Amino acid sequence: MSEVTVKQLAAAVGASADRLLQQMRDAGLPQQDEDEPVTDQERQRLLEFLNHRKEAQGSAPSRITLKRTSVTTLKTGQGRGGGRTIQVQSKRRRTYVKATPRTEAEPDASTAAPPQVGQVELEAERIRQQELARKSAEEDVRRLAARKAEEQAEKEQERERERAREAEVEAKRREEELQKQAEASQRAEQTKTEEQSVTEAAARAQAEAQAQERGGKRAKDRTKERERTKESGFGARRRGELSMKRRSPRMRRRAPSRISVETRGGEFERPQDAVQREVELGEAIQVGELARRMSVKAGEVIKTLMDMGVMATINQTLDQDTASLLVEEMGHRVKLVVADEVEHEHEESLRIEGNVEPRSPVVTVMGHVDHGKTSLLDYIRNSRIVAGEAGGITQHIGAYRVSTEHGDISFLDTPGHAAFTAMRARGAKSTDIVILVVAGDDGVMPQTVEAVQHAKAAGVPIIVAINKMDLEGVDPARIKNELVALEVIPEELGGDTQFIEVSAQTGQGVDNLLESINLQAELLELRAARDVPGRGIVVESRLDRGRGPVATMLVQNGVLRRGDVLIAGERFGRVRLMLNERGDPVSEAGPSVPVELLGLNGTPEAGDDFSVVADERRARELAELRATRSQEQRLAKQQAAKIENLFANLGEGEKRVLKLVLKADVRGSLEAITQACAELGNDEVAVNLLGTGVGGITESDATLAMTYGAAIFGFNVRADTKAKSVIEREGIDLRYYSVIYELLDDIRMILQDMLAPEVREEIVGTAEVRDVFRSPRFGQVAGCMVVDGSVARNKKIRVLRDNVVIFEGELESLRRFKDDVSEVRNGLECGIGVRNYNDVRVGDRIEVFESREVARAL
């Protein structure tokens, strides 16, 4: 016997489960839930119940018509104010016809299809349910729209209230300002009125005094006039003329009114004593700013400076000492101000004492170029660094940390070329031990001497490694004698310098060298604190195209961690990534550990000190302070150079300058090239670096070179696409280099070509005047005997009388007998005509010479 659930049966007949459950309850069936089963007997019972109820409703119509009316609302128009609202009414009509009853016998209840029993009624119920669901959805939509409209209205009202509050606050503020202005005006008017009243009182008193004085004079004048009038009236009566003895009050002369004098202010009183001010002075100050602080004109300050022997302009920067002397000269007091208070606070914050621990040594490998410094370090590191260096020489400082059997050692590999003096100096200052590599076949060379000088200046112990001992003919004794002359004394001669014979190719003596390094480190007792803020020195920096500014740092004290905020010279930033010598990321670096880090806002200068700061705000303040101070010092130097050379260049010819835009891969190489370019040139030619920087050649570099007619030199860098287009379009000279001495040689050759050639004179021949006669064609002609060399036509000559040059010109004609010749040799007679000169005498000597230009060298 098959069973179905109420839900399945409702789905089969096309009616809702709730309606079917209601019909089953009306039929007396026990089902109360849609998941309860329904047997065949129960379905037959439900069918009989429905048929019985249908028969009871005999008057039920055989046709059912359903009508549905729906109203929708359309909103037309857009904008903030909204548009019109239109209601659209739609009507639908559907008619259902009852099927005719079956004439055949009813089928079995188990096989009868339930949908045929109440098809019309179930369909009508389903449509009614759909209509109710649609109306409910429309009602929900209307309620949601009404809610949104209410929310929008509330927001609009809130905005209106906010604007009203802002307007009220603004009106109140304006009212307060107007009230303050009115009070200030009232006080000013009151003060003005009081001053005016005082002034008027003084003026009235003065006017009254003057009026009284004038009144006395007028009274005397009136007495005299009355006497004259009486006399004239008596005479007039005698002559029968009218005379007015009494005058009407209206006819009387009015007394002069009092004069009211109004003065706007008192007279200026010159100060009796000079005002002495306290002038604050920092490390540097401009002349104009100093004049403002002393409340004097800038012209007086410049005049005083000229009296002191200093030529200055209003925009020139003065150092603290000069400004102090000037202020005291002008009668004011000096107050020295510490401009870098933030710097002092930072230095104080770094003075934190911690528990010191032993640290690994920092060793710098120094020596002459091609003496095997990097090859020796290669053998120790078991790597191939030389293969990656351009030209086989080191172009910048490399920092490496090597783990050996004798402990960890940090190595700094410095260049040996002459141009890298600054790098070797930095390497000696930031190290504990110096390994001086000397090739056994070359001996002591210029850079070897320079390395010894740097090590001694820094007070660093030296270990001499005599390299290339695998070659034949190597004499270590000769090298020791040469170094003894430089005061590098071996231990066997009573000195304190260890001499180790090594070979970078075979590894001979490398273990002894490492043992010597550890022995020297133990003698030095190297220690550092770990639980303090990290600080150290910038070994190298460069601008990577994909990663941005990258700096190689050597931690000297404390621990540098990822996420720390640090300041390095004029640059600052947060450490985003730290890499060791193998390129693996690390989270922290302790003392004597070199790392490569990312996160700075620029490339710091090689040799700058770095330290960890508390927050990024303090780091930014320090960086801006250092940048401002550096800029002021740079401007002061430039201005001083201009003033010093103002009169020195007068009268000299124009100096030829090679203009360059220089870009390099790392900061150390850029510094070395810049220093070498500054040393090139002389009084006639020089190198002017318009722009320098680390990183690739950009469009701005090309534009700078185009504007000032400069060439672009790139050292281990290349130009980007935009820069190449500008360079090709404008025809700018662009050169790439990977070895530093090739770049310097090219600059030297260009400067030599720019030098004016040297003019050298060579005497060709000498003729002695034996007789002088005149020719109608050539004028005065000197008959001569060639006594030295040869005389040729159209060459320059000098006329000498008593071995003194009296004329210099050209030879116009040259004859032998009656024939014109081009040249007369030694021992022959000839006639010489001198152009534009007619004072040749017997006994004079005519010297023939020619000039040629010779290229000069620097």
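Quick summary incoming for the structure in this document. (Residues numbered from 1 in each chain as written. Predicted model: local features only at pLDDT ≥ 70, side-chain atom pairs only at ≥ 80, totals over all residues. Heavy atoms only, no water.)

1. Observations regarding the overall build of the protein
Of regular secondary structure, the protein possesses 18 helices and 37 strands. Buried positions account for 36% of the 858 residues belonging to the protein. Considering only contacts within the protein whose residues lie at least 6 apart along the sequence, 69% involve residues at least 24 apart. With an accessible surface of roughly 52,800 Å², the protein has 47% of that area assigned to carbon and sulfur atoms. (Helix = DSSP H or I, 4+ residues; strand = E, 2+ residues; numbered from the N terminus. Buried < 20%, exposed > 50% of the residue type's maximum accessible area, 1.4 Å probe, protein only. Contact = heavy atoms within 4.5 Å. Areas by Shrake-Rupley, 256 points an atom, 1.4 Å probe, with all protein chains shown as cover.)

2. Considerations on the environment of Thr-552
Within the secondary structure layout, Thr-552 lies in strand E18 (residues 548–557). Here Thr-552 falls in the buried class, since its relative accessible area comes to 15%. For the pair Thr-552 and Leu-579, spaced 27 residues apart in sequence, the C-alpha to C-alpha distance is 9.3 Å. The contacts of Thr-552, once residues within four sequence positions are left out, are Ala-399, Ile-537, Val-538, Val-539, Glu-540, Val-595 and Glu-596.

3. A closer look at the nonpolar core
In this structure, Phe-713, Leu-743, Ile-747 and Leu-751 are the most contacted members of the largest nonpolar core, which totals 25 residues. When residues of this core are traced back to their parent elements, those giving at least two are strand E26 (656–664), helix H15 (667–679), strand E27 (685–694), strand E28 (711–715) and helix H18 (740–754). In terms of residue count, the dominant contributor to this core is H18 (seven residues). For Leu-743, the residues in contact, after removing those within four places along its chain, are Leu-662, Ile-673, Phe-713, Phe-715 and Tyr-737. One finds Ile-380, Ile-433, Ile-435 and Ile-500 within the second-largest nonpolar core, a separate group that totals 23 residues. (Core = buried A, V, L, I, M, F, W, Y, C linked by side-chain atoms within 4.5 Å.)

4. Regarding the pairing of strand E33 (residues 804–816)
Alignment of strand E32 (residues 796–801) against E33, held across six bridges, turns out to be antiparallel. Following the sheet pairing, Lys-796 is matched in E33 by Glu-810. Counting the residues in the hairpin turn of E32 and E33 gives two residues, including Asp-802, whose phi is positive at 60 degrees. Sheet analysis places E33 next to strand E36 (residues 829–834), joined by four bridges and oriented antiparallel. When the sheet's bridge partners are listed, Leu-814 is paired in E36 with Ile-832. (Pairing = 2+ DSSP bridges.)

5. Here we look at the environment of Lys-373
In this structure, Lys-373 sits in helix H9 (residues 373–381). Accessibility expressed as a relative area gives 6% for Lys-373, which makes it buried. When the C-alpha positions of Lys-373 and Ile-435 are compared, they lie 9.0 Å apart, and in sequence the two are 62 residues distant. At 2.9 Å, the side chain of Lys-373 and the backbone oxygen of His-368 are in polar contact. (Polar contact = N/O pair within 3.5 Å; in protein donor to acceptor, adjacent residues only side chain to side chain.)

6. A look at the environment of Ala-551
Mapped onto the elements, Ala-551 comes out in strand E18. Put simply, Ala-551 and Ser-541 are 10 residues apart on the chain and 4.1 Å apart in space, counted from C-alpha to C-alpha. In contact with Ala-551, other than residues within four places in its own chain, are Glu-540, Ser-541, Val-595, Glu-596, Leu-597, Leu-600 and Pro-604.

7. Points about helix H16 (residues 699–708)
What H16 keeps buried is the set Asp-701, Ala-702 and Ala-705. One side of H16 holds all its buried residues, which, seen down the axis, span an arc of 100 degrees. Where H16 is buried, its residues contact E26, E28 and helix H17 (721–730). Positive backbone phi, at 65 degrees, marks Gly-709, one or two positions downstream of H16. (Arc of directions from axis to C-beta.)

8. Some remarks on the state of the cysteines
In this structure the tally under the stated criterion is zero disulfides. Cys-784 forms no disulfide, and the closest cysteine sulfur to it belongs to Cys-830, at a distance of 5.5 Å. (Disulfide = S-S within 2.5 Å.)

9. Some words on the sheet that holds E27
With respect to topology, four strands assemble into an open sheet ordered E27-E26-E28-E29, the strand pairing being parallel. The strands lining the two open edges of the sheet, one partner per strand, are E27 and strand E29 (734–737). Taking each pair of neighbouring strands and ignoring which way they run, the sheet shows an average axis angle of 25 degrees. Here E26 runs beside E27; their pairing, made up of nine bridges, is parallel. Paired with Arg-656 across the strands is Val-685, a residue of E27. Packed on one face of the sheet, H15 meets E26, E27 and E28 and runs near 170 degrees to E27. The strands that H16 touches are E26, E27 and E28; relative to E26, the one it contacts most, it runs at about 175 degrees. (Axes fitted to C-alpha atoms, helices over the stretch in contact; angles between N-to-C directions.)

10. Side note on H15
In this model H15 runs 19 Å from its N-terminal to its C-terminal C-alpha over 13 residues, within 8% of the 18 Å that 1.5 Å per residue would give. Considered for burial, the residues of H15 that qualify are Arg-667, Gly-668, Ser-669, Leu-670, Ala-672, Ile-673, Ala-676 and Cys-677. At the exit of H15 stands Gly-681, carrying a positive phi of roughly 100 degrees. (Expected span 1.5 Å × (residues − 1).)

11. Section: the packing of aromatic side chains
Applying the stated rule across the entire model yields two aromatic pairs. For the pair Phe-713 and Tyr-737, a centre-to-centre distance of 5.4 Å together with 55 degrees between the ring planes defines the contact as tilted. Placement of the pair is Phe-713 in strand E28 and Tyr-737 in strand E29, with a sequence separation of 24 residues. Residues Phe-713 and Tyr-737 agree in their burial class; the two are buried. Pairing Phe-807 with Tyr-837 gives two aromatic rings, centres 4.5 Å apart and planes at 15 degrees, and the pair type is stacked. Of this pair, Phe-807 sits in strand E33 while Tyr-837 sits in the loop between E36 and strand E37 (845–854), and the two are 30 residues apart along the sequence. The burial state of Phe-807 is the same as that of Tyr-837; both residues are buried. When the ring centre of Tyr-736 is taken as origin, the NZ or CZ atom of Arg-718, which lies over that ring, is 4.4 Å away. (Phe/Tyr/Trp six-rings, centres within 6.5 Å; stacked < 30°, edge-to-face > 60°. Lys NZ or Arg CZ within 6 Å of the ring centre and 35° of its normal.)

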